[in-house]
Every structure is written in structure tokens, then in C-alpha cells.
Number of protein chains: 2
Amino acid sequence: MPQHHLYQNLKIITYSNGKLQPSKACVVNETPLTIFLNGAELATLICSPGADKELAVGFLLHEGLIQQHSDIESIIVDEKDGLLWVKTTSQVYQTKNLRKQIAGHCGKGRASLYGVNQLQPVQSSVLFPASQLLHLISILEGKSATFRLTGGVHSAALANNTELLAIYEDIGRHNAVDKILGYAFLNKITSEDKCLIISARISSEIIIKAFYSGIPLVASRSAPTYLAVDLADQLGIALIGFARGETLNVYSHTEKVII
Amino acid sequence: MPQHHLYQNLKIITYSNGKLQPSKACVVNETPLTIFLNGAELATLICSPGADKELAVGFLLHEGLIQQHSDIESIIVDEKDGLLWVKTTSQVYQTKNLRKQIAGHCGKGRASLYGVNQLQPVQSSVLFPASQLLHLISILEGKSATFRLTGGVHSAALANNTELLAIYEDIGRHNAVDKILGYAFLNKITSEDKCLIISARISSEIIIKAFYSGIPLVASRSAPTYLAVDLADQLGIALIGFARGETLNVYSHTEKVII
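Let me begin by describing the structure that accompanies this report.

Cut-offs used in this document
Residues numbered from 1 in each chain as written. Chains lettered and ligands numbered in written order. Predicted model: local features only at pLDDT ≥ 70, side-chain atom pairs only at ≥ 80, totals over all residues. Heavy atoms only, no water. Salt bridge = Lys/Arg side-chain N within 4 Å of Asp/Glu carboxyl O. Buried < 20%, exposed > 50% of the residue type's maximum accessible area, 1.4 Å probe, protein only. Contact = heavy atoms within 4.5 Å. Buried area = accessible area lost by both parts, 1.4 Å probe. Polar contact = N/O pair within 3.5 Å; in protein donor to acceptor, adjacent residues only side chain to side chain. Nonpolar A, V, L, I, M, F, W, Y, C, P; charged D, E, K, R; others polar. Core = buried A, V, L, I, M, F, W, Y, C linked by side-chain atoms within 4.5 Å. Helix = DSSP H or I, 4+ residues; strand = E, 2+ residues; numbered from the N terminus. Axes fitted to C-alpha atoms, helices over the stretch in contact; angles between N-to-C directions. Parallel < 35°, antiparallel > 145°, perpendicular 65-115°, else oblique. Least-squares fit on C-alpha atoms with pLDDT ≥ 70 in both. Expected span 1.5 Å × (residues − 1). Phe/Tyr/Trp six-rings, centres within 6.5 Å; stacked < 30°, edge-to-face > 60°. Pairing = 2+ DSSP bridges. Right-handed = clockwise from strand over helix to strand, strands pointing away.

1. Some details on the pattern of salt bridges
Residue and element names in this part refer to chain B.
Link 1 in the chain: Inspection of every chain in the model, using the stated rule, returns 12 salt bridges over all chains.
Link 2 in the chain: Where aspartate 170 meets lysine 179, a salt bridge forms, and the shortest distance between an N and an O atom there is 2.7 Å. Residue aspartate 170 shares its accessibility class with lysine 179, and that shared class is buried.
Link 3 in the chain: Put simply, aspartate 178 and lysine 209 hold a salt bridge, and the shortest N to O gap is 2.9 Å.

2. A few points about the interface of chain A and chain B
Link 1 in the chain: Across the contact, 67 residues belong to chain A and 67 residues belong to chain B.
Link 2 in the chain: Ranking the residues of chain A by area buried against chain B places His62(A), Ile171(A) and Phe185(A) at the top, with a combined share of 14%.
Link 3 in the chain: Counting across the interface, chain A meets chain B through 0 salt bridges.
Link 4 in the chain: Where chain A meets chain B, there are 20 residue pairs in polar contact (both at pLDDT 80 or more).
Link 5 in the chain: The class makeup of the residues in the side of chain A that touches chain B is 30 nonpolar, 22 polar and 15 charged.

3. What about the nonpolar core?
Link 1 in the chain: Counting 34 residues, the largest nonpolar core has Ile180(A), Leu196(A), Ile202(A), Ile207(A), Val218(A), Ile237(A) and Leu239(A) as the members making the most contacts within it.
Link 2 in the chain: Mapped onto this core, the elements with two or more residues apiece are strand S1 (7–16), strand S2 (19–28), strand S8 (154–159), strand S9 (164–170), helix H6 (173–186), strand S10 (195–198), helix H7 (204–212) and helix H8 (226–234) of chain A.
Link 3 in the chain: With 6 residues, H8(A) is the single largest residue contributor to this core.
Link 4 in the chain: Contacts of Leu196(A), omitting those with residues within four sequence positions, involve Ala157(A), Val177(A), Ile180(A), Ile206(A), Ala210(A), Ile215(A), Leu217(A), Val218(A) and Ala219(A).
Link 5 in the chain: Among the nonpolar cores identified, the runner-up in size contains 33 residues, and Val27(B), Ala176(B), Val218(B) and Leu239(B) belong to it.

4. A word on the packing of H6(A) against helix H1 (residues 52–62) of chain B
Link 1 in the chain: Relative orientation of the contacting elements H6(A) and H1(B) amounts to 90 degrees, with a least axis distance of 6 Å. The angle between H6(A) and H1(B) places the two elements in the roughly perpendicular class. Contact residues: H6(A) offers Asn175(A), Asp178(A), Lys179(A), Leu181(A), Gly182(A), Tyr183(A), Phe185(A) and Leu186(A), while H1(B) offers Lys53(B), Glu54(B), Leu55(B), Val57(B), Gly58(B), Phe59(B), Leu61(B) and His62(B).

5. Some remarks on the relation of the copies chain A and chain B
Link 1 in the chain: Note on the identical chains: chain A maps onto chain B by a rotation of 180 degrees and an axial translation of 0.0 Å, with an RMSD of 0.0 Å. This pairing of chains is accounted for by a two-fold axis.

6. Some details on H6(A)
Residue and element names in this part refer to chain A.
Link 1 in the chain: The end-to-end C-alpha distance of H6, which contains 14 residues, comes to 20 Å, matching closely the 20 Å that a straight helix rising 1.5 Å per residue would cover.
Link 2 in the chain: Here H6 lies mainly inside the structure; 12 of its 14 residues are buried.
Link 3 in the chain: Positive phi shows up at lysine 188, right after H6, with a value of about 50 degrees.

7. Topic: the side chain of Ser222(A)
Link 1 in the chain: With respect to the helices, strands and loops of the structure, Ser222(A) is situated in the loop between strand S11 (217–220) and H8.
Link 2 in the chain: Ignoring sequence-local partners within four residues, the contact set of Ser222(A) consists of Ser199(A), Ala200(A), Arg201(A), Gly241(A), Phe242(A), Arg244(A) and Gly151(B).

8. A closer look at the packing of aromatic side chains
All names here are of chain A.
Link 1 in the chain: Evaluation of the coordinates by the stated rule reveals 6 aromatic pairs over all chains.
Link 2 in the chain: On the numbers, 5.5 Å between centres and 15 degrees between planes, the contact of phenylalanine 36 with tryptophan 85 is stacked. Residue phenylalanine 36 is found in strand S3 (residues 31–37), and its partner tryptophan 85 is found in strand S6 (residues 83–88); the two are separated by 49 residues along the sequence.
Link 3 in the chain: For phenylalanine 36, a relative accessible area of 17% puts it in the buried group.
Link 4 in the chain: Note on tryptophan 85: relative accessible area 32%, which makes it partly exposed.

9. Observations regarding the pairing of strand S12 (residues 238–244) of chain A
Residue and element names in this part refer to chain A.
Link 1 in the chain: Burial of S12 is extensive: 5 of the 7 residues sit out of reach of the surface.
Link 2 in the chain: Where S11 meets S12, 3 bridges bridge the pair, whose relative direction is parallel. Pairing of valine 218 across the sheet is with leucine 239, part of S12.
Link 3 in the chain: For the crossover from S11 across H8 to S12, the handedness is right-handed.

10. Focus: the environment of Ile46(A)
Link 1 in the chain: Among the secondary structure elements, Ile46(A) is positioned in strand S4 (residues 40–47).
Link 2 in the chain: Each C-alpha atom, one on Ile46(A) and one on Thr31(A), is 5.5 Å from the other, the two residues being 15 residues apart in sequence.

Right, dumping it as C-alpha cells:
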């Protein structure tokens, strides 16, 4: 996949009119950009390909690491490998003190993203009926009271293939997922027959979270990214997107979804 | 504001039928939760109030800091101050090595969030006509080509009060904003007469980014959080939400928005 493409076409399975059949979907790309500041690795951001310089400068600016235009001596970009080196005119910014500051940003270490493919995929032989998943998603939407009032939160639910077991809402989609999977962990709930249903987009980090919790299916009424589909495929997770009304798309491990 | 409330009612100004008039809106809360692991501060997550234990455990689980139920010795929560202490049975997890791992999570240091109120608010006397803002937002929506194809990205634009100057799309809303503000910085664009328009929700971190770039107005077709409104109010930023069709809500610095 060329890194500069914003999206790509995938062969998927669509459930529609009560049938599962082959179709195609356009899926947005997601790619890592690792920023080096004065020679030291600073952070890896997961982003859409393109505008690497602008992204890196915006990131440095809001982390307080540059303040004025003259602070930047040079920026070198390796688009192919997603690497970017910023040199500043002042050396006052020490990487040693930066780790703490960047804890606040949305990104993911390259190693932790790509290290997972050496691990054992999720083990589960449980099958999920498409119509039942659509039913559970419509129940979750009906119960998302805060969203209706404020338009400001995402919801996540843990379900087996007949009912919702827990629902959490949060302003952050990662938080809503962490609350669900933290709940399952605290209550020693088995994962191999459960699915994670979310209201938000499915990015790679959501799939990584499901993987660490051993969840074999993740479903959303919204879109997935290509990296999420790719990881779900490698990690033994069925990824379902655009589950709305009477239709849904299955992007990976289609064998887990039945009529 | 009691921390356990998911949302609250605010007095705002609504633009509708060509008029600006007082109205009310229900706005979702956003609150920090600082997690201490074995006595050492680990991370501060910005989240919806409630389910603190579940959130903390989900976070630790996906950061690889706990693996099984017996790893947890105790969890103590101070709901009022948003503090949580986790003690693990094993001491193998050293905070020294954790900073790197938590760089991947969405959160924000408490100090950087609350430190900004000691800074000078954004200086600008520029006024933005409501009808013009709605016009610019509809143009941004029309140009968001990737979203229409994939449903997977957020868009952000830089505008003055007559036209859009730059547009970026990204799978992450923070990235889209960083690209826009990085673009403005790289091109030495003055900020006091510009606004930031985004397709996504306006959380506190978006307002902080606009503040560091000196942008006096942030507008979205989606919802703001209460913390975003509160910060925008302190930092001299007009916050506009639910800008759709012929109506919009002004949540702070209503003096900057005219007919």
C-alpha cells in the first residue's frame, strides 16, 4: 500500500436482505508517523497519510516544544517509512523531560502496534448471527441516553450473541472501551463467546484493546480503518462496520458471522 | 458541579431564523482521573465521570501493566478529586519504564490542563457573522471527499470570516487540528482574525490547541464538552457547536458572534 493514499478498496462480505454476500468497501488508511526531535525519538502518531510536516509542527507547538517560527532549523521527512526529523535552533528542549509531556497525546508506539503479530490470535469457535448483532446494536442505540441529550459521548457494550451484558458511555471512545473491558476483567467474565459493540469508528487501537482482552468480534455502526481491518485479520477478530438498520459489513474473519 | 453528573444545563445564545437569542443547552461533562500505580503517578485520563475503577483497570490491562485478576491487590478511588490508587501484588512494574508505554494513550496532564488559566487569554477584536460561519461549515462539509467515501475521517479547516484557507482530513480529530495549526505556523499566518472549524466534537484538548495558536473562535457541527466551554470562556475563545443548516449555538464569548 502506498503511504500517500488516503483510502483503499477491499473485498468484504455484506449482510443485506437476510443474506451474506461478497461486496466491496472503501476503507480509510491509518499509518504511523514517528517524530524525532534533535535526534531523539519523541513520539509516534497514528494518522492519515500526508501533511506530515504540518502534523509534526502542530504536535510540537501544542506540546510547548516550539514557540516561534525561528525555533525550527530544519525538517526532514521520510514519507515511505513514516519517519520525520525536526531540528530546533535551541537545544533547551531535552528529550529526557519530554516523555512526561507526550503522555497526553493520542498515538501508539510502533513496536507495540507491530509486535502483536507475533502473539497467538484470539481463540474462539463461537458464531454470531448477523440479525442478532443488528438487534443488539439497535438496543445499544436505544439505551444511549446521554448521547441523545448532549450529542457528546460514545457508547460501548459487552454482549454475548443473545444480549447486552454491560453498557458504558464516555466522551472518549477509548475510555468507553476501557470501561467495558475493565468491567469484564474485574468481574472475571469469559471473553471467547463475547463481542464488543461500539458507537464510534474502529481504529487499530480499538482492535488491539479487544485482542488483549480476548474478544473475537468487534462491531460498530460506523467505519473501520484499513489498519484496524488488517490487524483484526491477523489477530483472529471478526470486524463488523456500518451495522445500521438491516445491513452490516464484515471486513475480517467472515466465518464467525452467520445468517 | 458534582463529579458524578454526566451532563449539565448551560445558558447559551442560539442563532436561528436570522436572530441571536438566549437559550439553553445540555452539555456533557469531562473530568480528569489521575491513576497512581503502586504509589507513583502513572497517567491522567480525561473522561466522563463514573466507572473510575473499570476505566483504570481497562487502561492498565491494555498497557500491559496487569495481566490477570490476581495481579490486583487493591483499588482505592477518591471520586471527588478524581484520584485512583492501584496496588498490584507483583512489584515488577516500575514506573520508570512506564512513561514510554503510556505515551500512546489519550489523556492530558492535570497541570497542563489547569495551568493555562494563569496565561493571557486570546487577544482579538474580530467579529464573526453567524450566517457566514454556517456558510463556511457547509463548504467544509461539501469538500470532505474522503469522509463521504469511507466514513472514516474528521476534517478541520482554517478560515477567516469570508473564506476557508486550508482543509485537512485525518482519521484522528486531534491530528486534523494539529495539521491545520501546524500549517498556519509554518506559513506564518496571523491568528487573531482566523477561526478553526472542525467536523468533530469539541473537547477540552481542542480548545487548548486553539489557545496555544491564538485562535479566537472554534466552531463545529457537533457537540462541545462542559470542560471545553469552561476553558474557552477563560481563554477568550468563542465556542460554537451544533452549527448545522441555518442554526448554531454559541457557548462562550458570545460577543464575538454577530448577525
